[in-house]
Amino acid sequence: MKAMVLKEVLPIEKEPLEMIDLPDPAPGPKEILVKVCACGVCHTELDEIEGRIQPRLPIVLGHEVVGKVKSLGSESRKFNLGDRVGIAWINSACGKCYFCQKGNENLCREFKATGCHVNGGYAQYTVVSEDFAYLIPERFSDSEAAPLLCAGAIGYRDLRLSGMKSGQTLGLFGFGASAHIVIQLAKYWGYEVFVFTRSEEHRNLAKKLGASWTGGSDDEPPKKLHCAIDFTPVGETVPTALKFLEKGGRLVIAVIRKRNPIPPMDYAQLLWEEKEMKSVANITREDVQDFLPLAAKIPIISEVQEFELREANKALILLKQGKIQGAGVLRMPD
Ligand SMILES: [Zn+2]
Ligand SMILES: [Zn+2]
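Source: prediction; values computed, not measured.

Enquirer: Which parts of the structure should I look at to understand the coordination of the zinc ion (ligand 1)?
Expert: Six octahedral donors around a metal ideally make angles of 90 or 180 degrees; four tetrahedral donors ideally make 109.5 degrees. Within the first shell, the zinc ion (ligand 1) binds the protein through Cys42 (SG), His63 (NE2) and Cys150 (SG), at distances of 2.0 to 2.2 Å. Sequence spacing of the donor residues for the zinc ion (ligand 1), all on one chain, is C-x20-H-x86-C. Placement of His63 in the loop between strand S4 (59–60) and strand S5 (65–72) and of Cys150 in the loop between helix H3 (142–145) and helix H4 (151–162) is noted, with a sequence separation of 87 residues between them. You'll find His63 and Cys150 in the same group, each marked buried.

Enquirer: Looking at this model, I keep getting lost on the nonpolar core. Mind explaining?
Expert: As a rule of thumb, nonpolar side chains are buried together in soluble globular proteins. Tyr122, Leu170, Leu172 and Ile229 are the most contacted members of the largest nonpolar core, which has 102 residues in total. For Ile229, the residues in contact, after removing those within four places along its chain, are Asp158, Leu159, Leu170, Gly171, Leu172, Phe173, Val182, Val252 and Ala254. Counting residues in each nonpolar core, the second largest holds 15 residues, with Phe194, Phe196, Leu225 and Leu251 among its members.

Enquirer: Would you mind showing me how to read the packing of H4 against helix H5 (residues 177–188) here?
Expert: Between two packed helices, what matters for the description is the angle formed by their axes and the separation of those axes. Contact geometry for H4 and H5: axes closest at 8 Å, N-to-C directions at 55°. The orientation of H4 relative to H5 falls into the category oblique. In the packing of H4 onto H5, the handedness of the crossing is right-handed. Judged by residue contacts, Ala151, Gly152, Gly155, Tyr156, Asp158 and Leu159 of H4 engage Ala177, Ser178, Ile181, Val182, Leu185 and Ala186 from H5. Classifying every residue of the contact of H4 with H5 gives eight nonpolar, three polar and one charged.

How each quantity is defined
Residues numbered from 1 in each chain as written. Chains lettered and ligands numbered in written order. Predicted model: local features only at pLDDT ≥ 70, side-chain atom pairs only at ≥ 80, totals over all residues. Heavy atoms only, no water. Donors = N, O, S within 2.8 Å, 3.2 Å for Na, K, Ca; no water. Helix = DSSP H or I, 4+ residues; strand = E, 2+ residues; numbered from the N terminus. Buried < 20%, exposed > 50% of the residue type's maximum accessible area, 1.4 Å probe, protein only. Core = buried A, V, L, I, M, F, W, Y, C linked by side-chain atoms within 4.5 Å. Contact = heavy atoms within 4.5 Å. Axes fitted to C-alpha atoms, helices over the stretch in contact; angles between N-to-C directions. Parallel < 35°, antiparallel > 145°, perpendicular 65-115°, else oblique. Left-handed = near helix turned anticlockwise from the far one by under 90°. Nonpolar A, V, L, I, M, F, W, Y, C, P; charged D, E, K, R; others polar.

Just distances and angles here, no functional claims.
Laid out in structure tokens, this is it:
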């Protein structure tokens with residue numbers, strides 16, 4: 001099979017992903033072999049490529065995978081051949097540790113991530129445990145479905161962790177793949193949404209999707225925020241978001257790594273009055289299972305920019321430059 005492989009940590013501008021022929025993977029007893037149709041491009045992949053988080057090397061990246069079940073392992077019973085399934089960031093969790101027992105398998109001591117600790121979807125084929133694959137609702141095309149598996153499902157987790165209630169104000173900092181899905185969910189749940197982003201194209205998309213106000217990252221919104229979600233890779237948005245929070249408000253930081261440090265913060269001005277900060281780590285199967293049918297019901301429409309698999313470096317460079325509208329998705333060759 002053809003796969004785009006990362007062999008060493010380098011800046012994405014050096015185009016480190018290489019198209020390589022690999023043997024087709026074989027499913028283990030409880031696994032399925034998936035012929036990949038589309039795979040989303042995620043900011044976390046930039047963190048892996050550039051060394052802010054450490055993948056196993058060499059690695060096939062990609063954790064927003066949509067494809068067809070091509071063959072079944074000897075003890076695999078959950079899916080039929082030809083079913084269209086999705087694979088997300090959670091590749092496995094032990095099921096036994098304190099966190100797994102408490103329903104927080106995203107924090108499992110042995111958490112393994114797709115396209116980081118095991119090969120992912122930047123390839124024509126991949127294998128996954130049948131317990132960590134999900135049926136894709138029919139109403140979505142392959143490319144529309146791919147971003148739902150991370151940008152969407154993690155966005156759903158962000159919003160649940162935000163503690164927001166109908167009628168409250170939500171600030172979104174950064175407006176990439178995840179935020180453009182979160183705003184659709186937030187509007188569906190009756191929140192008023194303000195969007196902070198430097199990009200004029202992103203502000204236009206935010207208005208189209210129902211933002212009642214948009215501005216640059218330092219512009220003052222018309223009302224205080226009950227909650228803010230920070231999707232940006234930079235540290236400076238943290239004090240900015242805290243400054244605009246209402247008393248008792250919560251800031252949810254939705255990224256796995258920041259590219260630069262959070263600046264020193266004045267406690268009295270930014271954190272006192274019971275403001276909270278919370279990060280989001282990984283995802284549970286329940287997040288994905290709950291979100292996919294909800295996305296079909298609303299329905300959430302992903303704005304997608306498609307690339308060929310061999311263009312993965314280019315797609316990631318554009319992502320780093322903030323030049324993708326909505327979500328980038330790789331199409332696999334037949
Ligand atoms: Zn992701
Ligand atoms: Zn565990």
